[in-house]
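# Descriptive analysis of the structure
In case you want the letters, here they are:
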Amino acid sequence: MPYEDTLVRIAALKADHPQNIALQSFDPAYFATLNADGQSRLMKCLNSGIENPDSEMGCYACQPGDYDKFRPFFAKVLARYHKVPEDARHTNDWTLEGVDGLPANGVLDIAELGLPALSMRVRVGRNLADFPLPGSMTRDDRTALERRMMAAFDQLIADPDYGGAYHSLTPGNPNAISEDEYQALVDAHIMFKDMGADSYLTAAGIAADWPHGRGCYVSEDRGFIIWVGEEDHLRIMCMERGTVLNRVFDRLKVALGVVSGIDGLDFAMSDQYGVVTSCPTNLGTGMRASLHIALPKLTADGTDKRAKDIARPLGLSVRGVGGEHTPIGADGTVDISPSARFCITEAEIITALYKGIALLKAEEDRSGA
Ligand code: ARG
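Basis of the calculations
- Residues numbered from 1 in each chain as written.
- Predicted model: local features only at pLDDT ≥ 70, side-chain atom pairs only at ≥ 80, totals over all residues.
- Heavy atoms only, no water.
- Core = buried A, V, L, I, M, F, W, Y, C linked by side-chain atoms within 4.5 Å.
- Buried < 20%, exposed > 50% of the residue type's maximum accessible area, 1.4 Å probe, protein only.
- Pairing = 2+ DSSP bridges.
- Helix = DSSP H or I, 4+ residues; strand = E, 2+ residues; numbered from the N terminus.
- Axes fitted to C-alpha atoms, helices over the stretch in contact; angles between N-to-C directions.
- Contact = heavy atoms within 4.5 Å.
- Near = heavy atom within 4 Å.
- Polar contact = N/O pair within 3.5 Å; in protein donor to acceptor, adjacent residues only side chain to side chain.
- Areas by Shrake-Rupley, 256 points an atom, 1.4 Å probe, with all protein chains shown as cover.
- Nonpolar A, V, L, I, M, F, W, Y, C, P; charged D, E, K, R; others polar.

Attention now goes to the nonpolar core. M149, F224, I226, I236, L291, I293 and I336 are the most contacted members of the largest nonpolar core, which has 59 residues in total. Core analysis: the second largest hydrophobic core is formed by 55 residues, L42, F73, A75 and F192 among them.

This part takes up the sheet that holds strand β2 (residues 165-168). The sheet built from eight strands is open, its strands ordered β2-β3-β4-β5-β1-β8-β10-β9 with antiparallel pairing. The open sheet has two edge strands with one neighbour each: β2 and β9 (316-319). Within the sheet, the average angular offset between the axes of one strand and its neighbour, ignoring direction, is 20 degrees. The pairing of strand β1 (residues 118-126) with strand β5 (residues 234-242) spans nine bridges and is classified as antiparallel. Note on β5: the bridge partner recorded for R126 is L234. Each of β1, β8 (287-294), β9 and β10 (333-338) touches helix α12 (residues 346-366); the most contacted strand, β8, lies at about 20 degrees to it.

Near the ligand, the surroundings consist of S55, E56, M57, G58, Y60, Y200, E231, C279, T281 and E324. Between the ligand and the protein, one listed contact pairs an oxygen atom with a backbone N or O atom of G58 at 2.8 Å. At a separation of 2.8 Å, a nitrogen atom of the ligand approaches a polar side-chain atom of E231. For the ligand, whose free accessible area comes to 340 Å², the fraction covered by protein is 87%. Of the residues contributing to the shell around the ligand, the split by class is four nonpolar, three polar and three charged.

The following block contains the structure:
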């Protein structure tokens, strides 16, 4: 029987790794109902979690249709991770009016909380419907997607609201940048790091063919950025140092409308699940809204443990300012973001960031060092 060894391995890993959501959600009886093509596709989704049994999630979708095609598996995964019912439906909505916790004037201004201008950022993951997701792309797919995006970027660059330039890591690309230029963009928190360092992305096939098809568009004012070829085809983001969260949120909403209006850019969507992303943790909105805040008292022991313990019940994730799995800054600066992405609206996420920061700031102020 094909996959016999893998099924034995999964059963053994499942017993030892209760935190691995993909392994816990895998049902061999359901797997047995799939035809050969379905079995190979589903196994591909699970590979990262098998090779990295310490995973929290442990799987990635590899085709835009995977969430719907393998619903009996993904419904369990999504229910476990996002704490929603298995038949949950997602609705996208950027309208702030009427969202619980929105100040009466509609402005999410952290100056009202006694905070100074901070570095704030909202990003969304998006994938093009016409290409396999990054885990299943060939090198030619990756460079074809980049070429398609470069034609779209020409339109943004010609638009005075955006301008800027596209920078490519693909050898031979007319916009290719040098190793030093790439490092400078990484240091400026504009470009993403070499994905080969991430064992989850590597086992998923998402880091393959590096650096082909990888690059980033940066607007003239550097406040609007699109990554090409990271965990999702596109990571589209707005960032700014300021106090009013609406500024990055509204700008991203407008820019997304412009990008999705460009010919040839159809984003992968699921009727039931909303925005399709490689990782089930991002499904639905694909949105992460964050800001960098110094919490010297809550991090006085040099770790983010206390901040995390206080932030978790508030629905907030804490991480280092250098990205996922990075340590906190020397002055106790951490990156805070609402954890929810699925079965929550975009407007609720940005409001949750404001509400969460208010509570976290109160904890910091009250805390003895
Ligand atoms: N695949 C990893 C895990 O299952 C990371 C998941 C969340 N992070 C992400 N970048 N999608 O633990």
